[in-house]
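Results of the structural survey
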Amino acid sequence: MPYRIPESWGAKGGFLRPLLAAVARWWRRQSPSRQDRYATLGPLLSVLLFLASIVLAFWYLRNEEIEREAEAVKRDTEIAQQQIRLRLIENQEQLARIAREVVTRQVDAADFAAQAAGFARDRPEITHITWLGRQLERRASVSATGFQDDSLMRPGSGDPSMPSGLNPAAQAFVQARERRQPVYSDAFRDAIGSRVFQLQVPLIDRSGFHGVLIAEYGVEALLRYYVPPEVSTRRAVAVIDANDAPDTPVASTGEVGTGRNPIIHEVGLAPAMNGLQLRGTGYRTSVGLISNTLFWMVTALAVLTVWMLLGTWRHMRRRLHIQNALLAETNFRRAMENSMLTGMRALDMDSRITYVNPAFCAMTGFGEAELLGCRPPYPHWPRDRIEENQRLLDQEMQGRSPSGGIEVKVARKDGSVFDARMYVSPLVDAKGKQTGWMASMTNITEAKRVRDQLSASHERFTTVLEGLDAAVSVLSVPGQELLFANRSYRLWFGAEPQGHLQLAEEPARNAPPGDDALEAVDDFGGLPAQPLTETTNATPREVYVTEVERWFDVRTRYLQWTDGRLAQMLIATDITTRRQAEQQAQAQAERAQMTSRLMTMGEMASSVAHELNQPLTAITNYCNGMMSRVRGDNIAKDDLLAALEKTGKQAQRAAQVIQRIRAFVKRSEPRRVLSQAAEIVEDAVDLASIEMRRRNVQLHVYVAHHLPAIAVDPILIEQVLLNLLKNGAEAIDGAKLPPSRRHIELRVMPRHMPDQGGTIEFSVQDSGPGLPEEVLSRMFEAFYSTKVDGMGIGLGLCRSIIESHQGRLRAENLYNLELLSGCRFSFTIPVDLRTPEATPAPFPAIPS
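Thresholds, definitions, all that
Residues numbered from 1 in each chain as written. Predicted model: local features only at pLDDT ≥ 70, side-chain atom pairs only at ≥ 80, totals over all residues. Heavy atoms only, no water. 1 Å grid on protein atoms, 1.4 Å probe; cavity = no way out; pocket = protein on both sides within 12 Å on 5 of 7 lines; lining within 4 Å. Points joined across faces, edges and corners; volume = space filled by probe spheres on them. Helix = DSSP H or I, 4+ residues; strand = E, 2+ residues; numbered from the N terminus. Axes fitted to C-alpha atoms, helices over the stretch in contact; angles between N-to-C directions. Parallel < 35°, antiparallel > 145°, perpendicular 65-115°, else oblique. Left-handed = near helix turned anticlockwise from the far one by under 90°. Contact = heavy atoms within 4.5 Å. Nonpolar A, V, L, I, M, F, W, Y, C, P; charged D, E, K, R; others polar. Phe/Tyr/Trp six-rings, centres within 6.5 Å; stacked < 30°, edge-to-face > 60°. Buried < 20%, exposed > 50% of the residue type's maximum accessible area, 1.4 Å probe, protein only. Lys NZ or Arg CZ within 6 Å of the ring centre and 35° of its normal. Pairing = 2+ DSSP bridges. Salt bridge = Lys/Arg side-chain N within 4 Å of Asp/Glu carboxyl O. Polar contact = N/O pair within 3.5 Å; in protein donor to acceptor, adjacent residues only side chain to side chain. Expected span 1.5 Å × (residues − 1). Patch = residues over 30% accessible without salt bridge, like charges linked within 9 Å, V, L, I, M, F, W, Y side chains within 5 Å. Areas by Shrake-Rupley, 256 points an atom, 1.4 Å probe, with all protein chains shown as cover.

Digging into empty space enclosed by the protein
One way to see where empty space is left: roll a probe the size of a water molecule over the atoms. Evaluated as defined, the whole model comprises five cavities of 30 Å³ or more. In this structure, the largest cavity encloses a volume near 150 Å³. What lines the largest cavity is a set of 13 residues, among which Arg345, Trp381, Asn389, Val408 and Met422 lie closest to the centre. Those elements giving two or more residues to the lining of the largest cavity turn out to be helix H13 (386–397) and strand E14 (406–411).

Below you can see the structure in the form of structure tokens.
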């Protein structure tokens, strides 16, 4: 009967340990007399128990062997199945590709025969590849091993036992035609008697079924080529047909059914799943060992008999063994004590030294013979500390030594002295009586030196903190207790915690210290100190303290104080002088911007006068005409109203010019607000068009649609655009260029910059003569100008304005092939996708 793989195994041998433990407990509960009586039965019980253990051991080994062999057979069988499955799937995919080419008319019968021949040449398991039409007509066929019987595809010529009257190949043809997908046939014998099965791939297009491609596999060839050699050498792998007798294999890699108690594992032949099963067979290798159980039992009984004869002798030697174990344990403990770096010293109740370990001798320099038996004063006591050491010894003998040890001075044999810490504990014998005292001694000279150095380092660190110009303070979070304050803090705020609380406030800078101030420090009260000290770091803040009339740069962080409490450390640096310098710089920058705008208007004065002269002249002409016609009483009411309306429009035109100029040069506090680029460009173009018309320069403006808002000061950006447009117009007019080249282009486009991200780019491109290279390299320097009457601050101020908005200003010449065709100034403004409230804009730096 073959051994099948079981689903699971039960526990093996798990009852021995609890059984032995139960016997031991029962034995301890018996009286000595009963123990002697039961001792005579010990050898017999031991023999029986040993025999039972041998039987259980052989049974356990047998089951383990069978289980391992069954797992190995299962693994090897599944490996062979996986190899065959992968090969069948690969061949099916290749046949499906050829089928698609046949359906799409990409190959004819000759091309198919060539592809099929190449396909079968690399696959020895395939006997032939055939192309059949929808009426079973043979279109093309390539045989790999020999003759192929035409009757295999003819209804009624198959196995007569089949109900449909069709052989397996014809059944597969019908299934492929009906299912419209690849079908594997059942196994059958071909014309030469070999067991084969077929894979039939249907030929289908939009018009319907056109036939099949057939690949016929030899079962024996599949086993021979695709069962791994390492599997076939270990196992007999066979293919059986579910429709045949189970013990009659279709094909096999070796002899099947030999040996006793075979171990069998069967799996389907995937992906065919046509009734063929892959069977792996294995055998246990140590049956002989299991069959010789009686021999091992007899040997075991003989050994047990010898053991019982030696029992009495072993009992007599048991005492000696115990003594040797005690000696070994003593030697072990002595070796352990000798390997320690801590000195050990034992005293009896009369203060006599009874034991010292090598570490104690190494520390003091005295040998063991010099110390054993000594009474106070001991040789290792310093001569100037005998009374103190005697007092400590009396305290030790009375059992009043502190648990934390005592610090003593110890003299070496060479006269040097070192610091040591000594711990004392009583010595108690087996009867619970104290026989003396055991002391352990550790050299703490180095540790004490490090402690002294740390103390000196702390003193130096405190001296440095006291000498800082910044105020340093530490405040406990739970109780608002001032733990540390340096000299600068005490000078400004005294020794009270209110100064720390006031500096640690959130942006409400001038609020008096009260509940809000306490909450500002105690936000983390009650939380674990360690995570806060590792993660909490506040950003620097500038705080103005009214009581001392000073500005401070405040930095705080949480730390764990020496006693474990959570504390807040604060460092406040006096920045009053820096703030005053910044205010002066802001005022100077504001004056420079105002001056630049006034200079721009001064340079455009003639253009503005010309611009205003046109509407004023028109107003004068309209008024003179109306007066003449009124005097002659030859004007109608409608004509008078039309003339007055035109006069009003000209007056509005002049007023708009003056209003734009006034808004441009008006002194105002710089503020950044969300502004639209189109509105800024419109205001700048309105002012620049005056200069453009006077110099006969055309201005083309292009602003992209749907631009995001930018956080800028619109007056400053308008000033930059006006300056760049005016410079371009002056360059074109000064070069006396023809009308075809007298134009400037202003473009506003979105652009992504690698160092800035999303930006909006403003570019002013003129068609003037360009700039020399030396001018390009120095044009942003302070007071550098190419104009005769220029002051050299315009472009430098423009760059400062753009950089204060986190932008970039660039200038470059434009070339048409190698001919210089103009110049382009461009600057970018970063796009902030957030929507901040209007905030004061920092003044751009004055070019220096």
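Still more to cover.
Details of the packing of helix H22 (residues 677–694) against helix H23 (residues 714–734)
One can describe the packing of H22 onto H23 by two numbers: an axis separation of 9 Å at closest approach and a directional angle of 30°. The angle between H22 and H23 places the two elements in the roughly parallel class. Crossing of H22 against H23: the hand is right-handed. Residue-level contacts link Ile680, Val681, Asp683, Ala684, Leu687, Ala688, Glu691 and Met692 of H22 to Pro714, Ile717, Glu718, Leu721, Leu722, Leu725, Lys726 and Ala729 of H23. Class assignment of the residues belonging to the contact of H22 with H23 gives a composition of twelve nonpolar, no polar and four charged.

Description of the packing of aromatic side chains
Taken as a whole, this structure holds ten aromatic pairs when the rule is applied. The interplanar angle of 80° and the centroid separation of 5.1 Å between the aromatic rings of Tyr378 and Trp381 together place this pair among those described as edge-to-face. The pair Tyr378 / Trp381 is uniform in exposure class, with both members buried. Three or more aromatic residues joined by ring pairs form one cluster here, namely Tyr489, Trp492, Phe493 and Phe552. Across from the ring centre of Phe119, 4.0 Å away, lies the NZ or CZ of Arg123, which sits over that ring. In this structure, Arg139 packs its charged tip against the face of Trp131, placed 4.6 Å from the ring centre.

Overview of the sheet that holds strand E18 (residues 482–485)
Taken in spatial order, the five strands line up as E18-E17-E21-E20-E19 in an open sheet, and their pairing is antiparallel. The open sheet has two free edges, formed respectively by E18 and strand E19 (541–545), since each of these has just one partner strand. Averaged over neighbouring strand pairs, the angle between their axes works out to 30° when direction is ignored. The pairing of strand E20 (residues 550–560) with strand E21 (residues 566–574) spans nine bridges and is antiparallel. Pairing of Arg557 across the sheet is with Met569, part of E21.

Quick look at the pattern of salt bridges
Scanning the entire structure with this criterion turns up 32 salt bridges. The partner of Asp76 in a salt bridge is Arg235, and the shortest N-O contact between them spans 3.1 Å. Of the two residues, Asp76 is situated in helix H3 (residues 42–103) and Arg235 in the loop between helix H7 (229–234) and strand E8 (236–241); the sequence distance between them amounts to 159 residues. Residues Arg742 and Asp733 are paired through a salt bridge, measuring 2.9 Å at the closest nitrogen-oxygen approach. One salt-bridge network, held together by shared partners, links Glu407, Lys409, Asp419, Arg421 and Lys448.

Describing the environment of Glu481
By the secondary structure assignment, Glu481 is in the loop between strand E17 (471–476) and E18. Exposure remark for Glu481: the relative accessible area of 42% places this residue in the partly exposed category. For the pair Glu481 and Glu496, spaced 15 residues apart in sequence, the C-alpha to C-alpha distance is 8.8 Å. Those residues in contact with Glu481 that sit more than four places away from it in its chain are Val474, Leu475, Ser476 and Arg565. Of note is the side chain of Glu481, whose polar atom sits 3.2 Å from the side chain of Arg565.

A short note on H13
For H13, with twelve residues, the first-to-last C-alpha span of 16 Å sits near the 16 Å given by 1.5 Å per residue. Residues of H13 that are buried include every one of Asn389, Leu392, Leu393, Gln395, Glu396 and Met397, and no others. Looking one or two residues beyond H13, the residue adopting positive phi is Gly399, at roughly 75°.

A look at the packing of H23 against helix H25 (residues 794–804)
Where H23 meets H25, the axes come as close as 10 Å, and the angle between the chain directions of the two elements is 145°. Two packed elements cross with a definite hand, and for H23 against H25 that hand is left-handed. Every residue of H25 that contacts H23 at Leu716, Ile717, Gln719, Val720, Asn723, Leu724 and Asn727 is listed here: Gly794, Leu795, Leu797, Cys798, Ile801 and Ile802. Its residues placed into classes, the contact of H23 with H25 shows nine nonpolar, four polar and no charged.

Let's talk about helix H5 (residues 168–179)
If you check H5, its first and last C-alpha atoms are 16 Å apart, about what twelve residues at 1.5 Å a residue would give, namely 16 Å. Listed as buried for H5 are Pro168, Ala169, Ala170, Ala172, Phe173 and Ala176. Residue Arg180 follows H5 closely and has a positive phi angle near 60°.

Describing the sheet that holds strand E28 (residues 819–830)
Strand order across the open sheet formed by five strands is E23-E25-E26-E28-E27, with mixed pairing between neighbours. Two strands close off the open sheet at either side, each with one partner strand: strand E23 (698–703) and strand E27 (808–816). Direction aside, neighbouring strands of the sheet carry axes that sit 25° apart on average. Both E27 and E28 contribute to a ladder of nine bridges, which runs antiparallel. Counted as the bridge partner of Arg808 is Thr828 from E28.

Examining a nonpolar patch on the surface
Together, Trp59, Tyr60 and Leu61 give the surface a local cluster of nonpolar side chains, amounting to about 310 Å² of exposed area. Secondary-structure assignment places Tyr60 in helix H3. Judged by relative accessible area, which is 33%, Tyr60 ranks as partly exposed.

A few points about unusual backbone geometry
Of the consecutive residues Pro376 and Pro377, the connecting peptide bond is found in the cis state with omega at -5°. Along the polypeptide, Pro377 turns up in the loop between helix H12 (368–371) and H13. Positive phi values are uncommon outside glycine, yet Gln806 reaches one of about 60°. Structurally, Gln806 is set in the loop between H25 and E27.

Structural notes on the pairing of strand E26 (residues 757–766)
Burial analysis of E26 places eight of its ten residues in the buried class, the great majority of the element. Bridging between strand E25 (residues 743–753) and E26 involves ten bridges; their strand directions are antiparallel. Counterpart to Val748 in the pairing with E26 is Phe762. Hairpin connection between E25 and E26: a loop of three residues separates the two successive antiparallel strands. Across eight bridges, E26 lies against E28 in antiparallel orientation. Paired with Ile760 across the strands is Ile829, a residue of E28.

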